Amino acid sequence: VQLQASGGGLVQAGGSLRVSCAASGRIFGRYTMGWFRQAPAKEREFVAAIDWTGRRRNYSSSVLGRFIITRNSAENTVYLEMNRLHPGDTAVYYCAASGPDSDDVPDSKYQYGYWGQGTQVTVSS
């Protein structure tokens, strides 16, 4: 059972970045996938989630309209496209899996049983 996040890096304010999370097939197929982030000295917070069908999505108010979560079942990968980034988006971004067989898209970290190792996203001003 593995989730492998990648794609983080340094970007200027106003720029875009896409992070990816590759999952093992057993997890990915029927699990809701989510992205969370954690800035230094702050709690881990919800960013976005997508259900296993890809039809339901949920976003935090702080990223709604700027970030887009998608999933590719053929590649067992979930993506987070981040646009109009600002320094407040700087954090370690974690992918997580919740389920299986649920069309819920929870925003609580306690409902996710599997976590990746995180990828650092830094937005410079």
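What you see is a predicted model; the values in this text were computed from it and never measured.

1. Remarks on the side chain of Ser98
- One can find Ser98 in strand 9 (residues 91-98).
- Only 2.7 Å separates the side chain of Ser98 from the backbone oxygen of Gln111, close enough to count as a polar contact.
- Filtering out sequence-adjacent residues up to four positions away, Ser98 remains in contact with Tyr31, Thr32, Pro106, Gln111 and Tyr112.

2. What to know about the pattern of salt bridges
- In total, this model carries 4 salt bridges according to the counting rule given.
- Across the pair Glu43 and Lys109 runs a salt bridge whose closest N-O atoms are separated by 3.2 Å. Of this pair, Glu43 sits in the loop between strand 4 (32-38) and strand 5 (45-50) while Lys109 sits in the loop between strand 9 and strand 10 (114-115), and the two are 66 residues apart along the sequence.
- With a relative accessible area of 21%, Lys109 lands in the partly exposed category.

3. Comments concerning the state of the cysteines
- One pass over the full model with this rule turns up 1 disulfide.
- Each sulfur of the disulfide joining Cys21 and Cys95 lies 2.1 Å from the other. Judged by the torsion about the S-S bond (60°), the Cys21/Cys95 disulfide is right-handed. With Cys21 in strand 3 (residues 17-23) and Cys95 in strand 9, this pair connects stretches of sequence that are 74 residues apart. Comparing Cys21 with Cys95 shows no difference in burial state: the two are buried.

Quick notes on the rules
Note on numbering: residues in each chain are counted from 1, in written sequence order. Confidence filtering applies because this is a predicted model: local features only for residues at pLDDT of at least 70, side-chain atom pairs given and counted only at 80 or more, and all residues used for totals across whole chains, interfaces and linings. The basis for the side-chain values is all heavy atoms of the structure; hydrogens and waters are excluded. Each helix corresponds to a stretch of at least 4 residues labelled H or I by DSSP, and each strand to a stretch of at least 2 residues labelled E; elements are numbered beginning at the N terminus. Definition of a polar contact: a pair of N or O atoms within 3.5 Å, with one able to donate and the other able to accept a hydrogen when the atoms are protein atoms, and with sequence-neighbouring residues admitted only if both atoms are side-chain atoms. Note on contacts: a residue pair is in contact if any heavy atoms of the two residues lie within 4.5 Å. For salt bridges, the criterion is a side-chain nitrogen of Lys or Arg within 4 Å of an Asp or Glu carboxyl oxygen. Burial classes follow relative accessibility: with a 1.4 Å probe on protein chains only, a residue under 20% of its type's maximum area counts as buried, one over 50% as exposed, and anything between as partly exposed. Disulfide: a pair of cysteine sulfur atoms within 2.5 Å of each other.

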